[in-house]
Amino acid sequence: GPMQALLAQRTIDEPAREGALAVGVPALTPLDEDAVSTAVRAQYEANPYPRWSAPPAPEPQAMRDVIAALPGLDQRAFEGRAETVLVAGCGTGFEPIDLARTDPSLAITAMDLSRASLAHGMRVAEDLNLTTVRFMQGDILALDSVETRFDVVTSTGVIHHMARPEDGLARLAGVLRPGGVVRLGLYSERARALVRRAHDLIRAKGWTPVDADIRAFRAHVLALPETEPLAMLRDSADFYSLSGCRDLVFHVQEHRYTPPQLGGLIDGAGLRLVGFDGSEEAVAAFRKAFGAADPLDLDLWDRLEIRQPHLFAGMYHLWAQKA
């Protein structure tokens, strides 16, 4: 029946197609010998993340219009150009596929360390007949070997998993054209307090990122009373899959930031903050606290986050422009 057919599709047919696609993934850069990059690549080869099946159905919107609306953008330097996009660390392809369907005019290069992750995105793109996304294996630390310059670079939830995120951002800035913009997603130090508590438990138990230990961690959390802080992890969809739980609390490398530290990271790469995205809740809290103050003032965001440490549980999202 239909459920048997779906089960066969998800567990046999799709993995077989992805395995065949992975073999032919072209290379954008050589792979760096950095130990953390090697460990991260191994993690996502074993557990591609996120595993998703329902393709996004976004409302059409031109990326150049989104960028043109950023409060700090140098419009003259940007020149209204958002044609070529690099998604650096695209994982299983959700972001580049979403961008391609939102703005079909974009020429998108989707790069990741993991062939298994790239193959997932390639299969979904094939199913959707998308031809504007080029999936390629590459390493952010090796982007200095790439001569192409992009109008836009996005890297969401990526460079905070590098040994030195500042090195990663410098490479991303290096492949931006002058006046181009980069969008970053980075972890909040305060919002990740629960995950840090999980890290402490994992170290104390001697658990490692293998299937049996991930399941042991989940069994421990599921058995906790509601009053225990770690029980809140049960509210995360990532908790319920091996790949999601591994990414959530068993990652091999993680850096976290406060808003002023974000400013230092951006300045160090020769970039200028031009946009700071917040949820409706975060924006409303900022306006209530500071009125019509500059929404790019990271010190004000820091003061607000001290009072409301869960505002950026879904990461900071920010835009920076190259001079």
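Refer to the preceding data block for the structure.
Residues numbered from 1 in each chain as written. Predicted model: local features only at pLDDT ≥ 70, side-chain atom pairs only at ≥ 80, totals over all residues. Heavy atoms only, no water.

A.B. asks: What's the story with the pairing of strand 1 (residues 84-88) in this structure? I'm lost.
C.D. replies: If a strand is regular, its side chains alternate between the two faces of the sheet. Within strand 1, four of the five residues are buried, leaving the element largely enclosed by the surrounding structure. As judged from the five bridges shared by strand 1 and strand 2 (residues 107-112), these two strands associate in the parallel manner. Of the residues in strand 2, the one forming a bridge with Val-87 is Ala-110. Following the chain from strand 1 across helix 5 (residues 94-102) to the adjacent parallel strand 2, one finds a crossover that is right-handed. Taken together, the three bridges between strand 1 and strand 4 (residues 150-156) define a ladder with parallel strand orientation. Within the sheet, the bridge partner assigned to Val-87 lies in strand 4 and is Thr-154. (Buried < 20%, exposed > 50% of the residue type's maximum accessible area, 1.4 Å probe, protein only. Helix = DSSP H or I, 4+ residues; strand = E, 2+ residues; numbered from the N terminus. Pairing = 2+ DSSP bridges. Right-handed = clockwise from strand over helix to strand, strands pointing away.)

A.B. asks: Hey, could you run me through the pattern of salt bridges in this one?
C.D. replies: Here the idea is simple: oppositely charged side chains can pair when their charged atoms come close. Under the definition given, this model contains 20 salt bridges. Between Arg-81 and Glu-79 there is a salt bridge whose closest N-O contact spans 2.8 Å. A salt bridge links Arg-190 to Asp-302, with the shortest nitrogen-to-oxygen separation between them at 2.9 Å. Highlighted residues: Arg-190 in the loop between strand 5 (176-186) and helix 8 (193-205) and Asp-302 in helix 13 (residues 298-307), separated in sequence by 112 residues. Through salt bridges with shared partners, a single network forms among Glu-14, Arg-17, Glu-18, Arg-123, Glu-126 and Asp-127. (Salt bridge = Lys/Arg side-chain N within 4 Å of Asp/Glu carboxyl O.)

A.B. asks: Help me understand the sheet that holds strand 5 in this model?
C.D. replies: As a general point, the strands of a sheet are linked pairwise by backbone hydrogen bonds and lie either parallel or antiparallel. Pairing is mixed across the open sheet formed by seven strands, whose spatial order is 3-2-1-4-5-7-6. Where the open sheet ends on each side, the last strands, each with one partner, are strand 3 (133-137) and strand 6 (271-277). This sheet shows a mean twist of 20° between the axes of neighbouring strands, independent of strand direction. In this structure, strand 5 lies alongside strand 7 (residues 316-322), joined through six bridges in antiparallel fashion. Looking at the pairing, Arg-183 lines up with Trp-319 of strand 7. (Axes fitted to C-alpha atoms, helices over the stretch in contact; angles between N-to-C directions.)

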